[in-house]
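Descriptive structure summary
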Amino acid sequence: MTNYWTETVSRLTPYVPGVQRSGAGIVKLNTNENPYPPSPKVMEAIAAVNGDQLRRYPDPESVALRTALAEYHGLDISQVFVGNGSDEILALAFLAYFTNHKVLQFPDISYSFYPVYCDLYGIQARTVPLSDDYVLPVERFEPNAGGIVFPNPNAPTARAVDESSIAGLLVRHTEQVLLVDEAYADFGATSVVSLVKRFPNLLVSQTYSKGRSLAGMRLGVAFGHPTLIEGLQRVKNSFNSYPVDAVAQAAGIASLGDEAYYRQTIEQILRTRRQAVTDLQNRGFEVLPSAANFLFARAPGDEAGRIFRKLDDAGVLVRYWDKPRLNQWLRISMGTDDEMQRLMSALDA
Ligand SMILES: *Cc1c(COP(=O)(O)O)cnc(C)c1O
């Protein structure tokens, strides 16, 4: 049968998210979700949303949420953008800043959505190889050759670069946008949000999906110079003026209002991570230093693929890529201590 796809759609290779298998006994350590629920205050705020709020369109510019975010970070509301997950913000940002016939530079091992957006928009990519120990050599980005995007900490390696390297890169790279994807900044890396006050070409994106336990809600945020934010708004309002629904706006504000809960769950995840490093090392894994809520671990005996499949059979889901430089490694999201124990028992078995 003929399909009616355009040529553009026919040649896309869409992103493939980690499987969302669930059910009794499944231990899900494959998509970097938070093992703990959102703050009770967030659940209250969601329950308090009334019919009138749902009958009407939400505030298209999310002013109350952006004001709360601006206060939280010591910025002006004109420096804050919110979207339907940070993936959406990345999609808008690529269109706003990178469809300029220059190359877009990103690490060779990185978030696999970046090449997908490049494909979608016809952006030419240039990858910068990570070092042998999976460190991002920021000095290898060519200044002013085109835009730059990378996650910090990087995914799936979990390794972070420090604030001074990013500031140094910004000093050299003034002609195009540097987009720092801080999806995991809640778990130990230093955020560069405050640098947006000094550098008009820095956009920092973050998400409520990981540190704030709201992956099911779809809420992402970005910080940058008012001109960069206006660029995102122009694209958003040419595509979907109401990307953040009323419930998500209320939940986002309530989450910022319960810092104690947020700190406590993050601390617990960091304790679990410390223990998991030891437990994996004791089982012969090499574990990269992690600043995220997951570990990137090299399996003993070149058996990552086989271990991945055996774990899957046992109902323990982790992430594995059958690709050069990745196919000896597993990416393991931090679960509850019980879930991590299930992983270790499955590995022993
Ligand atoms: C999870 C993740 C995102 C997307 O987060 P959402 O806000 O849930 O869309 C973006 N970048 C990286 C590197 C991620 O791991």
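Residues numbered from 1 in each chain as written. Predicted model: local features only at pLDDT ≥ 70, side-chain atom pairs only at ≥ 80, totals over all residues. Heavy atoms only, no water.

**Re the overall build of the protein**
Broken down by element type, the protein carries 12 helices and 12 strands. Whereas a compact globule of 349 residues would reach a radius of gyration of roughly 20 Å, the protein reaches 20 Å, a difference of no more than 12%. In terms of overall dimensions, the protein has C-alpha extents of about 55 × 55 × 50 Å along its principal axes. Buried residues in the protein amount to 52% of all 349 residues. In the protein, once contacts between residues fewer than 6 apart in sequence are set aside, the share between residues at least 24 apart is 71%. Entry remark: accessible area of the protein is about 15900 Å², with carbon and sulfur atoms responsible for 51%. Put simply, the protein has 33 plus and 38 minus side-chain charges, and the middle of one group is 1 Å from the middle of the other. (Helix = DSSP H or I, 4+ residues; strand = E, 2+ residues; numbered from the N terminus. Rg over C-alpha atoms; globule rule 2.2 N^0.38 Å. Buried < 20%, exposed > 50% of the residue type's maximum accessible area, 1.4 Å probe, protein only. Contact = heavy atoms within 4.5 Å. Areas by Shrake-Rupley, 256 points an atom, 1.4 Å probe, with all protein chains shown as cover. Lys, Arg positive; Asp, Glu negative; His and termini not counted. Charge placed at Lys NZ, Arg CZ, Asp CG, Glu CD.)

**A few points about the domain arrangement of the protein**
Domain annotation of the protein identifies domain 1 (2-38 + 259-348) and domain 2 (40-256). Once you take the C-alpha centre of each, domain 1 and domain 2 turn out to be 23 Å apart. When residues of domain 1 are sorted by the area they lose upon contact with domain 2, Y15, P38 and R325 head the list and together hold 26% of the total. Note that R325 is salt-bridged to D108, the shortest N-O span being 3.0 Å. Contributing elements (two or more residues each) for the side of domain 1 that touches domain 2: α10 (259-282), β10 (294-298) and β12 (329-333). Per element, the largest residue contribution to the side of domain 1 that touches domain 2 is 8 residues, and it comes from α10. (Domains from an automatic or database assignment. Buried area = accessible area lost by both parts, 1.4 Å probe. Salt bridge = Lys/Arg side-chain N within 4 Å of Asp/Glu carboxyl O.)

**With respect to the pairing of strand β4 (residues 124-128)**
For strand β3 (residues 103-107) and β4, the ladder comprises 5 bridges, and the chain directions are parallel. Note on β4: the bridge partner recorded for P107 is V128. Since β3 and β4 lie parallel, the crossover through helix α6 (residues 113-121) that links them has a hand, and here it is right-handed. (Pairing = 2+ DSSP bridges. Right-handed = clockwise from strand over helix to strand, strands pointing away.)

**Here we look at the pattern of salt bridges**
All chains considered together, the criterion is met by 10 salt bridges. Between R21 and D312 there is a salt bridge, with its nearest N and O atoms 3.0 Å apart. With R21 in the loop between α1 (7-10) and β1 (27-28) and D312 in helix α11 (residues 304-313), the pair connects residues that are 291 residues apart, well separated along the chain. Here R212 and E259 are joined by a salt bridge, their closest N and O atoms 3.5 Å apart. Remark: E259 occurs in helix α10 and R212 occurs in the loop between β7 (202-207) and β8 (220-224); sequence separation between them is 47 residues. On the basis of relative accessibility, which here comes to 9%, the residue R212 falls in the buried class. Using a relative accessible area of 23% as the deciding quantity, one classes E259 as partly exposed.

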